[in-house]
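As a plain string of letters, each chain reads:
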Amino acid sequence: MSEAILQVEDLHIWFDLDEGELHAVQGVSFELEPGERMGLVGESGCGKTTTILAVMGLLPANASVAGRVLFNGEDILEEGENTVAPHRWKDIAMVFQGAMNAFNPVKRIGDQIAEPMELHGTARGRQAKGRVGDLLELVGIPGSRADRYPHEFSGGMRQRAAIAMALACGPKILLADEPTTALDVMVQAQILELLVGLTEELGLALVFVTHDLPVVAQTCGRAAVMYAGRIAEEGATADLYHDARHPYTRLLFAATPDLHGKEKIISIPGSPPRLDRVITGCPFQPRCDRAFAPCPTVTPRTVSVAERHVAACHLNEVPAERLGGAGATGAR
Amino acid sequence: MSSGPPLLEVENLVTHYRLGRGFLGTITRKPESSVHALDGVSFTVHSGELLALVGESGCGKTTTAQTIVRMIEPNSGRILFKGKDITRLSAGEMRPLRREIQLVYQDPYESLDPRFRVRDTIEEPLAIHGVDVAGDGRQQILSALERAGLSPPELYIDRYPHELSGGQRQRVAIAASLVLNPALLVADEPVSMLDVSVRAGILDLLAGLRRSGLGILMITHDLSTAAHYADRIAVMYLGRIVELGPAVDVVRNPQHPYTRALISVVPSRDPLARARPQLLEGETPNPTDIPPGCRFAPRCPMVEERCKSIDPELRPVGEAHEAACILVGGSQRPIAERAPRTRRDETEKRGA
C-alpha cells in the first residue's frame with residue numbers, strides 16, 4: 001500500500017448556533033492515496049461538505065474542530081490558519097458547489113483564474129497569463145477564450161473554468177463538492193470524463209462529494225457513505241454495491257433508480273436524526289430494517305469487515321451463524 | 001385504456017418568447033428575434049396513464065407544462081382537454097377547468113407559504129372554487145391528505161411547513177392539488193429537490209394516483225426515474241419531441257441518435273456495469289437560432305448530408321413507438337449497424 005497523501009483522523013466539528021450546539025461531524029476518519037478518486041456520499045445534512053471545508057480550513061468562525069487532518073503526514077489543522085494556509089490551493093484545492101455560478105460577471109475569465117496564482121505568488125504577469133492558457137486547454141477550453149466574460153460561456157464551460165481555477169496553483173488533492181449536480185446529464189458526462197482524465201494525467205487525488213450514488217459508482221474506486229455526521233461504511237464502490245455491510249448503504253442503493261434496473265425502488269422511511277441533540281445508539285437505528293437488541297443503546301464501532309472495507313453496524317459483530325450466513329446484510 | 005378522446009391532446013404546439021432588441025436594436029431596425037421554446041409539440045395523455053416528458057434544460061419541457069395549464073399563451077397549435085379545445089378559452093371560461101387540471105411544482109420549500117398551516121394550504125383551492133370549507137370541505141381536506149400519504153391526516157393538518165420534512169412538504173403540495181379531484185396532474189420535476197431516500201415515496205404516490213385513474217404528465221430530467229415510473233416517455237430536444245414510445249422500448253431500444261446518446265451517458269448505480277458513454281460535443285444550442293433541417297444534425301454522430309436540409313417528423317419505428325429521424329424507421333438499415341462516431345473511439349484511435 002502506498003503512503004496516504006491525506007489522512008483524516010477522528011474529525012469532529014461543532015457549530016455554535018443561537019439555538020445551541022450542532023455536532024455536524026462526529027468522528028470521521030479516512031485516507032486518500034495519491035491519484036486516488038474517492039467518493040464522499042450521503043444525503044443533505046450528513047456532514048460531507050463540512051468535512052471537506054475543514055480539510056481546506058475554511059469553516060466559518062462559529063465552528064470548532066477536533067481531530068487531525070494530515071497532508072503528507074503533517075498535521076495541517078494543528079495551529080489553525082497558520083498551518084493550513086500554506087497548503088490551501090497550493091496542495092489542496094476545492095471546487096465549491098455552484099462554483100460555475102460564482103464567477104465575477106464583470107471580470108474576464110482568464111483574469112479570475114490568474115488571481116489565485118498572483119495571490120499565492122506562484123506566477124505573475126505574462127507567466128500567469130501563459131499558465132491560464134495552459135489550464136484552460138487542460139480542462140478542454142481553447143486558451144484563446146481567456147479574455148471572454150463568464151456570460152459568454154455555457155454552463156459546462158463555466159464549470160470547466162471553475163475546475164481550472166482550482167488547479168491554478170498546482171494542487172495534489174482536489175476536493176469537488178457536487179461538481180455535476182446542476183448540470184444536464186450530457187454535460188455531467190463530459191465533466192466526469194474531465195475529472196477522471198485529470199486524476200490520471202496529473203496524478204491528482206480527488207475527493208468527490210455528492211448525493212448522487214451512480215455518479216460515484218462510475219467514477220470513484222472507493223467511497224465513504226456518510227450518515228448523521230459519521231461514516232457508516234467505507235470501501236471499494238463495487239463492494240459497497242455488491243456486498244454492503246451497513247443497512248444504510250444497501251437501502252440507499254435500493255432507493256436509487258437505475259436506468260436498466262428492474263427492481264422496485266423503495267424509499268427509506270423516516271428522516272435523519274437531529275444533530276443538535278446527543279444520539280444514543282446507532283444513528284440509523286430508527287430507520288433501519290435490520291435493527292436488533294443493541295442498536296438503540298449501544299453505538300456501533302467502526303470495524304474492518306474485509307480488506308479495506310469498514311462499516312459501523314452491530315450486524316457485523318454478531319457471529320455469522322446467528323444471522324443465517326455471512327453477508328446477510330448484503331445488497332442482494 | 002378507456003375509449004373515447006384522450007384526457008389531454010396537444011397538437012402542434014408552438015410557443016415563442018420574443019426577445020427585446022434593446023434601444024440600439026430598435027433604432028437600427030435590427031430584426032426581432034425570439035426563443036423558439038416549443039416548435040411543434042404533439043402528444044396525448046390518457047386517463048390512468050403517466051407520461052414522462054424528458055429532456056435537458058432548455059428543451060422546452062417546462063414551457064410545455066406551463067402552456068398546457070395556460071400560464072403561457074401558445075403562438076399556435078391546440079390543447080384539447082377531454083376532447084374540448086381549451087387553447088383560446090378566456091380566464092373565466094378556464095376557471096371551472098382549473099379544478100380538473102392541477103400543477104405540482106418542483107420545490108416544496110418554495111411552493112408552500114411558510115405562514116400557512118397545512119390546513120390553510122389545502123383549504124385555499126377549495127375556497128377559490130367556492131366549496132364550503134366548514135362542511136363538505138373538511139372531509140375533502142382530510143381525504144386529500146390521506147390520498148397524499150399523510151395519514152392520519154389529523155397529525156399533519158395543523159402543522160406549519162417548517163415542521164415537515166421535504167418529502168412531507170411535497171405530499172402537502174400534492175394534497176393541495178388533489179383536493180379538487182382533478183383528472184390531470186402536471187408534475188414539474190416533483191422529486192428533484194428531495195433527498196434520494198424519500199423520492200421513491202413521492203413517485204410511488206404518483207404511480208398510485210395514476211392507477212386510480214388520474215392522467216399524469218411528469219416533467220423530469222432524470223431518465224432513470226422516467227424508466228421506472230412512466231408508462232410512456234417523450235424525449236424532447238430543442239422544443240420538439242424527437243422520440244415517443246412505451247417507457248421500456250424507449251430505454252431498451254432507443255431509436256433517435258439523441259435518445260441513444262442520452263441513455264448511454266446515464267450512470268449506472270452498479271460500479272461494475274461498464275458503459276460506453278457516447279459523449280456528444282458541446283451543449284444544446286441556443287433555441288434562438290434553431291439549425292435548418294434536423295435540429296440535432298450539428299451534434300449528431302450519424303449525421304448525413306441530407307439531414308441538414310430535411311426537418312424530420314415523428315414517424316413509427318415500432319409498436320406505438322415513434323422517432324423523428326430520417327435515418328430510422330421505414331426500410332432503412334437498422335441503426336445499430338451504423339457505427340456511431342464517438343469521442344472515445346477517436347481517442348482510442350489517437351492513442352493507438
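Residues numbered from 1 in each chain as written. Chains lettered and ligands numbered in written order. Predicted model: local features only at pLDDT ≥ 70, side-chain atom pairs only at ≥ 80, totals over all residues.

**A short note on the overall build of chain A**
When you go through chain A residue by residue, the secondary structure sums to 10 helices and 12 strands. Taken over C-alpha atoms, the radius of gyration comes to 21 Å for chain A, in line with the 20 Å a tight globule of 332 residues would show. In terms of principal-axis extent, the alpha carbons of chain A reach across some 70 × 50 × 40 Å. By sequence separation, contacts in chain A at least 24 residues apart represent 64% of the contacts at least 6 residues apart. (Helix = DSSP H or I, 4+ residues; strand = E, 2+ residues; numbered from the N terminus. Rg over C-alpha atoms; globule rule 2.2 N^0.38 Å. Contact = placed C-beta atoms within 7 Å.)

**A look at the overall build of chain B**
Secondary structure summary: chain B contains 11 helices and 12 strands in total. A globule of 352 residues ought to have a C-alpha radius of gyration of about 20 Å, and chain B, at 22 Å, matches this closely. With respect to the principal axes defined by its C-alpha atoms, chain B has extents near 70 × 60 × 45 Å. Burial statistics for chain B: of 352 residues in total, 45% are counted as buried. Summarising the internal contacts of chain B: among those between residues at least 6 apart in sequence, 64% fall at separations of at least 24. (Buried ≥ 20, exposed ≤ 12 C-beta atoms within 10 Å, placed from the backbone.)

**Some remarks on unusual backbone geometry**
Omega for the bond connecting B:Ser151 with B:Pro152 falls within 30 degrees of zero, at 0 degrees, which places this linkage in the cis form. Mapped onto the elements of the fold, B:Pro152 is located in the loop between α5 (133-147) and α6 (166-178). Even without a glycine there, the phi angle at A:Glu178 is positive, about 45 degrees. Mapped onto the elements of the fold, A:Glu178 is located in the loop between β7 (173-177) and α6 (185-202). When the 20 C-beta atoms within 10 Å are taken as the criterion, A:Glu178 is described as buried.

**Section: the domain arrangement of chain B**
Residue and element names in this part refer to chain B. Its domain assignment divides chain B into domain 1 (8-100 + 182-351) and domain 2 (116-176). Look at where the C-alpha atoms of domain 1 and domain 2 centre, and you get two points 33 Å apart. With nine residues of domain 1 at the contact, the number on the domain 2 side is eight residues. Looking at side-chain class alone, the side of domain 1 that touches domain 2 contains six nonpolar, one polar and two charged residues. (Domains from an automatic or database assignment. Nonpolar A, V, L, I, M, F, W, Y, C, P; charged D, E, K, R; others polar.)

**Examining the sheet that holds strand β2 (residues 34-45) of chain B**
All names here are of chain B. Strand order in the open sheet formed by four strands is β2-β1-β4-β5, with antiparallel pairing between adjacent strands. Strand pairing shows two members of the sheet lacking a second neighbour, β2 and β5 (84-85), which therefore form its edges. Pairing geometry for strand β1 (residues 8-18) and β2, over nine bridges, is antiparallel. Note that in β2 the partner of Leu8 across the bridge is Val45. (Pairing = 2+ DSSP bridges.)

**Observations concerning the environment of B:Ser212**
Residue and element names in this part refer to chain B. Considering the arrangement of structural elements, one finds Ser212 in the loop between α7 (196-211) and β8 (215-220). We classify Ser212 as exposed; it has 8 C-beta atoms within 10 Å. On a C-alpha basis, the gap between Ser212 and Ala175 in space is 15 Å, while along the polypeptide they are 37 residues apart.

**Looking at the interface of chain A and chain B**
Between chain A and chain B, the contact holds 33 residues from the first and 31 residues from the second. Elements that contribute at least two residues to the side of chain A that touches chain B include exactly α6, α7 (213-219), α8 (237-242) and α9 (247-254) of chain A. At six residues, the largest contribution of residues to the side of chain A that touches chain B is made by α6(A).

**Describing the sheet that holds strand β11 (residues 315-318) of chain B**
All names here are of chain B. Across the sheet, eight strands lie side by side as β6-β7-β8-β3-β9-β10-β12-β11; this open sheet has mixed pairing. Because the sheet does not close on itself, it has two edges, and the strands there are β6 (101-104) and β11. Taken pair by pair, the neighbouring strands of this sheet meet at an average axis angle of 25 degrees, ignoring direction. Bridge analysis of β11 against strand β12 (residues 321-323) gives three bridges, and the strand direction is antiparallel. (Axes fitted to C-alpha atoms, helices over the stretch in contact; angles between N-to-C directions.)

**Describing the packing of helix α3 (residues 109-120) of chain A against helix α5 (residues 155-166) of chain A**
Residues and elements named next belong to chain A. Where α3 meets α5, the axes come as close as 8 Å, and the angle between the chain directions of the two elements is 25 degrees. Between α3 and α5, the angle falls in the class roughly parallel. Of the two possible hands of crossing, α3 and α5 adopt the one that is right-handed. Across the interface between the two elements, Ile109, Gln112, Ile113 and Pro116 from α3 touch Ala161, Ala164 and Met165 from α5. (Parallel < 35°, antiparallel > 145°, perpendicular 65-115°, else oblique. Left-handed = near helix turned anticlockwise from the far one by under 90°.)

**Quick word on the confidence of the model for chain B**
The predicted coordinates should not be examined in detail at positions where pLDDT is low. Residues and elements named next belong to chain B. Mean pLDDT over chain B works out to 88, with 93% of the residues at or above the 70 mark. Predicted confidence for residues 331-352 stays below pLDDT 50, and this span has 15 contacts to residues more than four positions away or in other chains. In the predicted complex, the global pTM is 0.89; the interface-specific ipTM is 0.88. (pLDDT = per-residue confidence, 0-100.)

**Thoughts on α6(A)**
The terminal C-alpha atoms of α6(A) lie 25 Å apart, and with 18 residues this matches the ideal 26 Å at 1.5 Å per residue to within 8%. Of all the positions in α6(A), only A:Val185, A:Met186, A:Val187, A:Gln188, A:Ala189, A:Gln190, A:Ile191, A:Leu192, A:Leu195 and A:Thr199 are classed as buried. Lining the buried residues of α6(A) we find β3 (37-41), α5, β7, β8 (205-210) and α7 of chain A together with α10 (257-264) of chain B. Just beyond α6(A), the residue with positive phi is A:Gly203, at close to 65 degrees. (Expected span 1.5 Å × (residues − 1).)

**Quick look at the nonpolar core**
The nonpolar side chains of a soluble globular protein tend to be buried with one another. Core analysis: the biggest nonpolar cluster contains 199 residues, and A:Val225, B:Ala175, B:Leu206, B:Ala234 and B:Val235 have the highest contact counts within it. Among the elements that take part in this core, α7(B) stands out by supplying eight residues, more than any other. (Core = buried A, V, L, I, M, F, W, Y, C linked by C-beta atoms within 7 Å.)

**Structural notes on the domain arrangement of chain A**
Residues and elements named next belong to chain A. When cut into domains, chain A gives domain 1 (6-225) and domain 2 (247-323). Broken down by secondary-structure element, the contributors of at least two residues to the side of domain 1 that touches domain 2 are β2 (20-32) and α7. Looking at the side of domain 1 that touches domain 2 residue by residue, the class counts come to six nonpolar, three polar and three charged.

**Comments concerning the pairing of strand β10 (residues 230-236) of chain A**
Side-chain positions along a regular strand alternate between the two faces of the sheet. Residues and elements named next belong to chain A. Within β10, six of the seven residues are buried, leaving the element largely enclosed by the surrounding structure. Sheet topology note: the strand β9 (residues 222-227)/β10 ladder contains six bridges and is antiparallel. Directly across from Arg222, in β10, lies its bridge partner Ala236. Where β10 lies against strand β12 (residues 309-311), two bridges are found, and the strand directions are antiparallel. If you follow Glu233 over to β12, its bridge partner there is Ala311.

**Brief notes about the packing of α5(A) against α6(A)**
Residues and elements named next belong to chain A. Close contact between α5 and α6 brings their axes to 10 Å; oriented N to C, the two are set at 20 degrees. Here α5 lies roughly parallel to α6, going by the angle between them. Seen from above, α5 lies across α6 with right-handed handedness. Along the contact surface, α5 presents Gly155, Gly156, Gln159, Arg160 and Ile163, while α6 presents Val187, Gln190, Ile191 and Leu194. Residue composition of the contact of α5 with α6, by class: four nonpolar, four polar and one charged.

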